[in-house]
Amino acid sequence: MADLPGCCSTCATCLLCPYSCQWITAKKEKRKGLRTTKYDCSWFVFLFCVFLFTLVWLYFAVIILNDFHNFNEFIFRQRKLWLDWSLVLLIATAVLISYSSVLLVLALCLQLCGQPLKLHWVHKILLILTALVVAAAFTGLGIKWAEEWKSARISLQATGPFLHIGAVGGMTLLAWPLASFIYRTRSTGLKVFLLLVYCAVMIALYLAPLGITSPCIMEENQLPPKPALVGHRGAPMLAPENTLMSLHKAVDCDVQVFETDVMVSADGIPFLMHDEELTRTTNVQAVFPERAALNSTAFNWTDLQQLDAGSWFLERRPFPTVQSLSPGDRKEAAKQRIPSLEQALEAAKHSNISIMFDLRPENHSDYQNFVNVTLRVILQSDIPLQQVLWLPDGFREDVKQQAPGVQHVYGRKRLENEESVLHVNLPYQDMSSEEIKQYRQDNISVNLYVVNQPWLFSVLWCSGVSSVTTNACQVLKEMKHPIWLLPSSTYFMIWIVVDCVSFLIIIWAFFLMK
């Protein structure tokens, strides 16, 4: 490395101490032996790769927050331990990204100051551990939660244009330390290699918008109507799930459909419950400790009415919104009991909203009787049958014969030339924007679940989805417009301006450093 003037002794000390754990002075004889070697350069490259690796994981961590409540429920079913693991995820991710970011900034500043990049061995070990932790996180995501890869691809439709601008800006800022290194090194081959790599990356970034697609790149007058809201088990961020309070809170959020789950008690009473066991959403362990592990259908209606279906909501706080509940709402939540389907139908009828439900468990030996009992309750409730959306696939033809007015919703895509499918209910990961638009043209209602984050709601809104099932009806209700909507001409202008400004700054950086 050539010896060029660097920064002052104080600045060099402040930078080198946390990076290399060495105190230095500005005199060269005191810095003898502290030169950046190829070995040191390789560790800088590793540091840069770890930073990018953790940055990508940070992006994934933010994206999967939309579905993290499912992960919390999964852990509870496995370990009987309730914790908002999203906080653990975000804190751990913030620590990793902050650590690698600080080290990278120190390294770049040291390079600009002409100081040696002697990474301390403690940092080397911690960087290796950081890379292993993030790799393990990605591996676990791929094995246990593979559908989140699809979520990430969808998220690029919402973030692609902004990620492009951020990537161009970040690589543009790297022009200063890169120019400093190139002007200091004597190796012509290394200079040429670094310049070629940098130019190749920048050209790829400049042309990246050619491959960026988003349904929200459209004219304002082309925006489809706002999707209707379907309350997932009601309004579970505002009230205990699958309770009458949750239904009423969902009505306050202007939802058009109350989505729930139905089971049938041992004495033939359909009631609202999602889990096959009662442990997560009731106090069954305190009331019936010896029967707590039994299936929900093993309890008769008298037993079920003894259970508290609301206090768990206040104690475990499944969502951060629980903390902001008013004293009146807290008091009402604590009084909630397991509602029967009859009670839910009555509430839906008076509130003039539809009700959509699954009938569980599908593999029960007496499932046909469950269907018949449920149909009997629906027909006796006098609710308009067009307000009942039937999800279960089992014995669907019998349902059509006994209750021809019920609307049938299918949990699959339509088959080729199939005309009977008018409503579909699918995970949001299973429908592309192109498929949504095609279904809309064919007058097929598409409901996608579970959509909680505004960015995801915006993408599906722009795609033209009919409705979404959500936990966050109070948030999506307030959205009057997608988060962003850009005409293609405006996006093209932004693209050109960003690329031109970046190019000029890079030229100026190399000229200035020379």
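Residues numbered from 1 in each chain as written. Predicted model: local features only at pLDDT ≥ 70, side-chain atom pairs only at ≥ 80, totals over all residues. Heavy atoms only, no water.

Which entries qualify depends on this criterion: UniProt positions are given in the numbering used here, feature names are shortened, and annotations may be inferred rather than shown by experiment.
The name given to the chain in an unreviewed UniProt entry is GDPD2 inositolphosphodiesterase, with the source organism recorded as Leptocoma aspasia. Of the chain, the UniProt comment under Sequence similarities (unreviewed entry) reads exactly: "Belongs to the glycerophosphoryl diester phosphodiesterase family."

1. Details of the domain arrangement of the chain
For clarity, the cut-off: An automatic or database domain assignment supplies the residue ranges for each domain. Contacts were defined at the residue level, with two residues in contact if any of their heavy atoms lie within 4.5 Å. By convention, the term buried area covers the 1.4 Å-probe accessible surface removed from two parts as they join, with the contributions of both added. Salt bridge, as applied in this entry: a Lys or Arg side-chain nitrogen positioned within 4 Å of an Asp or Glu carboxyl oxygen. Only DSSP runs of H or I with at least four residues qualify as helices, and only runs of E with at least two residues qualify as strands; both kinds are numbered from the N terminus onward. Polarity classes work like this: nonpolar for Ala, Val, Leu, Ile, Met, Phe, Trp, Tyr, Cys and Pro, charged for Asp, Glu, Lys and Arg, and polar for all others, with Gly in that last group.
Domains assigned within the chain are domain 1 (8-214 + 492-512) and domain 2 (228-477). Domain 1 puts 19 residues into the contact, and the matching count from domain 2 is 23 residues. If you sort the residues of domain 1 by the area they bury against domain 2, Asn66, Trp82 and Ile154 come out on top, with a joint share of 33%. Counting every contact that joins domain 1 to domain 2 gives four salt bridges. For Arg233, the salt bridge is made with Glu73, and the minimal N-O distance between the two is 2.9 Å. Only helix H3 (68-79) and helix H6 (147-173) provide two or more residues apiece to the side of domain 1 that touches domain 2. Ranked by residues supplied to the side of domain 1 that touches domain 2, first place goes to H6 with eight residues. Across the side of domain 1 that touches domain 2, the residue classes tally to six nonpolar, five polar and eight charged.

2. Observations regarding the UniProt feature "transmembrane region" (unreviewed entry) in the chain
Residues annotated in UniProt with the feature "transmembrane region" (unreviewed entry) correspond here to residues 41-65, 85-113, 125-143, 163-183, 192-212 and 492-513. Span residues 85-113 is 97% helix and 0% strand, its end C-alpha atoms 42 Å apart. Between the end C-alpha atoms of residues 492-513 there is a gap of 32 Å, over a span that is 100% helix and 0% strand.

3. A look at the confidence of the model for the chain
Keep this limit in mind: As a per-residue measure, pLDDT tells how confident the predictor is, with possible values from 0 to 100.
Of the residues in the chain, 95% reach a pLDDT of 70 or more, and the chain-wide mean stands at 92. When the criterion is pLDDT under 50, residues 1-5 qualifies, and its contacts beyond four places in sequence or with other chains add up to 13 contacts. This model gives residues 25-32 a pLDDT under 50, and the stretch forms nine contacts once residues within four places in sequence are excluded.

4. So, the state of the cysteines
Basically, it comes down to this: The disulfide definition used here is simple: a pair of cysteine sulfur atoms within 2.5 Å. Think of it in three bands: with a 1.4 Å probe and only protein chains considered, a residue is buried below 20% of the maximum accessible area for its type, exposed above 50%, and partly exposed in between.
Enumeration according to the criterion identifies one disulfide in this entry. A sulfur-sulfur distance of 2.2 Å marks the disulfide that ties Cys216 to Cys462. Of note, the bridge from Cys216 to Cys462 carries an S-S torsion of about 100 degrees and is right-handed in sense. Of this pair, Cys216 sits in the loop between helix H8 (188-207) and strand E1 (228-232) while Cys462 sits in helix H18 (residues 454-463), and the two are 246 residues apart along the sequence. Here Cys216 falls in the buried class, since its relative accessible area comes to 1%. Owing to a relative accessible area of 1%, Cys462 belongs among the buried residues under this scheme.

5. Observations regarding the packing of H3 against helix H4 (residues 85-112)
Rules: Simply put, an axis is a line fit to the C-alpha atoms, just over the touching stretch for a helix, and the angle between two N-to-C directions goes from 0 to 180 degrees.
The N-to-C vectors of H3 and H4 enclose an angle of 115 degrees; their axes lie 9 Å apart at closest approach. Facing H3, whose interface residues are Phe68, Phe71, Asn72 and Ile75, H4 presents Trp85, Ser86 and Leu89. Looking at side-chain class alone, the contact of H3 with H4 contains five nonpolar, two polar and no charged residues.

6. Let's talk about H3
Formally: Multiply 1.5 Å by the residue count of a helix minus one, and that product is the helix's expected span. Think of it as the arc spanned by the lines of direction from the helix axis to the C-beta atoms.
For H3, spanning twelve residues, the distance from its first C-alpha to its last is 16 Å, which sits close to the expected 16 Å at 1.5 Å a residue. Among the residues of H3, those classed as buried are Phe68, His69, Asn72, Glu73, Ile75 and Phe76. In an axial view of H3, the angular spread of the buried residues amounts to 160 degrees, which keeps them on one side of the axis. Buried residues belonging to H3 abut H4 and helix H12 (311-316). At the exit of H3 stands Lys80, carrying a positive phi of roughly 55 degrees.

7. Some words on the nonpolar core
Condition: The nonpolar core is taken to be a set of buried Ala, Val, Leu, Ile, Met, Phe, Trp, Tyr and Cys residues, with the residues joined through side-chain atoms within 4.5 Å.
Grouped together as the largest cluster of nonpolar side chains are 42 residues, with contacts concentrated most on Leu448, Phe457, Leu460 and Val468. Mapped onto this core, the elements with two or more residues apiece are helix H2 (38-63), H6, strand E7 (423-427), helix H17 (433-441), strand E8 (445-449), H18 and helix H19 (473-476). Counting residues per element, this core draws most heavily on H18, which supplies seven residues. Residues within four places of Leu448 in sequence aside, it is in contact with Leu426, Pro427, Tyr428, Met431, Ile436, Leu460, Val465, Ser467, Val468 and Thr469. Judged by nonpolar contacts, the second largest core, of 35 residues, contains Val50, Phe51, Trp176 and Ile506.

8. Considering the packing of aromatic side chains
Centre distance and the angle of the planes are the two values used to describe a pair of aromatic rings. The condition that has to hold: A pair of Phe, Tyr and Trp rings is counted when the ring centres sit within 6.5 Å of each other, with Trp represented by its six-membered ring. The angle between the planes then sorts it: under 30 degrees is stacked, over 60 is edge-to-face, the rest tilted. Look at NZ for Lys and CZ for Arg. If either is within 6 Å of the ring centre and within 35 degrees of the ring normal, a charge sits over the ring.
As enumerated under the stated definition, the model contains 20 aromatic pairs in all. Taking 6.0 Å as the distance between ring centres and 15 degrees as the angle between the ring planes, the aromatic pair formed by Phe138 and Trp149 counts as stacked. Pair noted here: Phe138 is in helix H5 (residues 121-144) and Trp149 is in helix H6, with a separation of eleven residues, a long-range link. Through a chain of ring-to-ring contacts, the aromatic side chains of Phe53, Trp57, Phe60, Phe138 and Trp149 assemble into a single cluster. A cation over a ring is seen here: Arg291 above Phe288, with NZ or CZ 5.1 Å from the ring centre.

9. Some details on unusual backbone geometry
Across the junction of Arg360 and Pro361, the peptide omega takes the value -10 degrees, indicating a cis bond. Cis geometry is adopted by the peptide bond preceding Val450, which originates at Tyr449 and carries an omega value of -20 degrees. Tracing the backbone shows Val450 in the loop between E8 and H18. Even without being a glycine, Lys80 presents a positive backbone phi close to 55 degrees.

10. Notes on the pattern of salt bridges
This structure, assessed with the given rule, holds 19 salt bridges. Its salt-bridge partner being Lys400, residue Glu397 comes within 3.7 Å of it at the nearest N-O pair. A residue pair is termed a helical-turn pair when its members lie 3 or 4 positions apart in one helix, as Glu397 and Lys400 do in helix H16 (residues 396-402) at three residues. The shortest N-O distance in the salt bridge between Arg412 and Glu418 comes to 2.9 Å. In this structure Glu418 comes out as buried when scored by relative accessible area, which is 17%. Taken together, the salt bridges that share partners define one network made up of Glu73, Arg77, Arg233, Glu241, Asp275 and Arg280.

11. Brief notes about the UniProt feature "domain: GP-PDE" (unreviewed entry) in the chain
This chain's UniProt record puts "domain: GP-PDE" (unreviewed entry) on residues 227-480. Between the end C-alpha atoms of residues 227-480 there is a gap of 11 Å, over a span that is 34% helix and 16% strand.

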